[in-house]
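Listed below, chain by chain, are the residues.
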Amino acid sequence: MVDLGSLCFAFESQDDSHLLGDMLEDSDEVIILSAVCCFLRRNLTRIQDYFEQTLPRYLPDEFKHHFRMTRETCELLSLEIMQTGQIPIRNSSGRPVIAPQKQILAFLWRIANQEPARAVADRFDLTYSSVDRVFRRVVLAAVSLCGQYIKWPTGKSWQGNERTFFIILFEARVKRT
């Protein structure tokens, strides 16, 4: 029988073609093992305990600098997002669920700092695919909330806003000349 570890190593390195050939000669199990190798997770080195240890120690100004909002606003936003039902509390599969607060903070970090998913995954100790799922979930939750917070002006308030906008625009042009 072929050793799974050596087979995966041979597939990844691909420089020992004779080793790979010897293992593949007489084994029907290779098909199954090669399929399994495709789904094995790589253990990447990531920042450990950033969410659990470092984030709670941020001073208020530091937190606001990184997340572009106060800790209190973040907590209120988290409560609102959790009430939408878009963030799962339990996981149907055997994997442990990502804490809802961790999902929301990973999302906020990504949009506040414009970092790629890879950097967010490293900082929050998540997989790349989890960062993408978290981003989609929180965006859907935020979109479902936008009707409560974004109000389009109507009637007289619209006319007053338009007038104020043009006054400010006119004053800015006059100052430039």
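Conventions adopted
- Residues numbered from 1 in each chain as written.
- Predicted model: local features only at pLDDT ≥ 70, side-chain atom pairs only at ≥ 80, totals over all residues.
- Heavy atoms only, no water.
- Salt bridge = Lys/Arg side-chain N within 4 Å of Asp/Glu carboxyl O.
- Helix = DSSP H or I, 4+ residues; strand = E, 2+ residues; numbered from the N terminus.
- Buried < 20%, exposed > 50% of the residue type's maximum accessible area, 1.4 Å probe, protein only.
- pLDDT = per-residue confidence, 0-100.
- Arc of directions from axis to C-beta.
- Contact = heavy atoms within 4.5 Å.
- Axes fitted to C-alpha atoms, helices over the stretch in contact; angles between N-to-C directions.
- Parallel < 35°, antiparallel > 145°, perpendicular 65-115°, else oblique.
- Nonpolar A, V, L, I, M, F, W, Y, C, P; charged D, E, K, R; others polar.
- Phe/Tyr/Trp six-rings, centres within 6.5 Å; stacked < 30°, edge-to-face > 60°.
- Lys NZ or Arg CZ within 6 Å of the ring centre and 35° of its normal.

1. Quick look at the pattern of salt bridges
Reasoning step 1: Using the criterion set out here, one finds two salt bridges in the structure.
Reasoning step 2: Between E52 and K102 there is a salt bridge; the shortest N-O distance is 3.8 Å. Of this pair, E52 sits in helix α4 (residues 50-54) while K102 sits in helix α7 (residues 100-113); the two residues are 50 residues apart in sequence, bridging distant segments of the chain.
Reasoning step 3: Accessibility expressed as a relative area gives 41% for E52, which makes it partly exposed.
Reasoning step 4: A salt bridge links R110 to D132; its shortest N-O distance comes to 3.9 Å. One end of the pair, R110, is in helix α7; the other, D132, is in helix α9 (residues 128-149), with 22 residues separating them in the sequence.

2. Quick notes on the environment of L140
Reasoning step 1: Inspection of the secondary structure assignment puts L140 in helix α9.
Reasoning step 2: Taking the relative accessible area as the measure of exposure, L140 reaches 49% and is therefore partly exposed.

3. Considerations on the confidence of the model for the chain
Reasoning step 1: In this model, the chain carries an average pLDDT of 80, and 73% of its residues clear a pLDDT of 70 or more.
Reasoning step 2: Mean pLDDT across the elements of the chain ranges from a minimum in helix α1 (residues 4-13), with 53, to a maximum in helix α5 (residues 60-67), with 96.

4. Quick notes on α5
Reasoning step 1: Of the residues making up α5, those classed as buried are F63, H66 and F67. Along the axis of α5, the buried residues cluster in a sector spanning 80°; they form a single face. More than 90 degrees from the buried face of α5, the exposed residues found are D61 and H65.
Reasoning step 2: Where α5 is buried, its residues contact α6 (71-83), α7 and α8 (117-124).
Reasoning step 3: Looking one or two residues beyond α5, the residue adopting positive phi is R68, at roughly 65°.

5. Thoughts on the packing of α8 against α9
Reasoning step 1: For the pair α8 and α9, the least separation of the axes is 9 Å and the interaxial angle reads 105°. By the criterion of interaxial angle, the relationship of α8 to α9 is roughly perpendicular. From α8, A117, R118, V120 and A121 reach across to α9, where they touch Y128, V131 and D132.
Reasoning step 2: Of the residues in the contact of α8 with α9, the class split is five nonpolar, no polar and two charged.

6. Topic: the packing of aromatic side chains
Reasoning step 1: Scanning the model with the defined rule gives eight aromatic pairs in all.
Reasoning step 2: Pairing F67 with W109 gives two aromatic rings, centres 5.4 Å apart and planes at 70°, and the pair type is edge-to-face. Note that F67 is positioned in helix α5 and W109 in helix α7, a separation of 42 residues in sequence. The pair F67 / W109 is uniform in exposure class, with both members buried.
Reasoning step 3: Plain terms: the ring middles of F107 and F135 are 5.3 Å apart, the flat faces sit at 45° to each other, and that makes the pair tilted. Placement of F107 in helix α7 and of F135 in helix α9 is noted, with a sequence separation of 28 residues between them.
Reasoning step 4: Here F135 falls in the partly exposed class, since its relative accessible area comes to 26%.
Reasoning step 5: Here the aromatic residues Y50, Y58, F63, F67, W109 and F124 are joined through ring pairs into a cluster of three or more.
Reasoning step 6: Just above the ring of F135 sits the side chain of R110; from NZ or CZ to the centre is 4.6 Å.
Reasoning step 7: Between R123 and the ring centre of Y50, over which it is positioned, the NZ or CZ distance is 4.9 Å.

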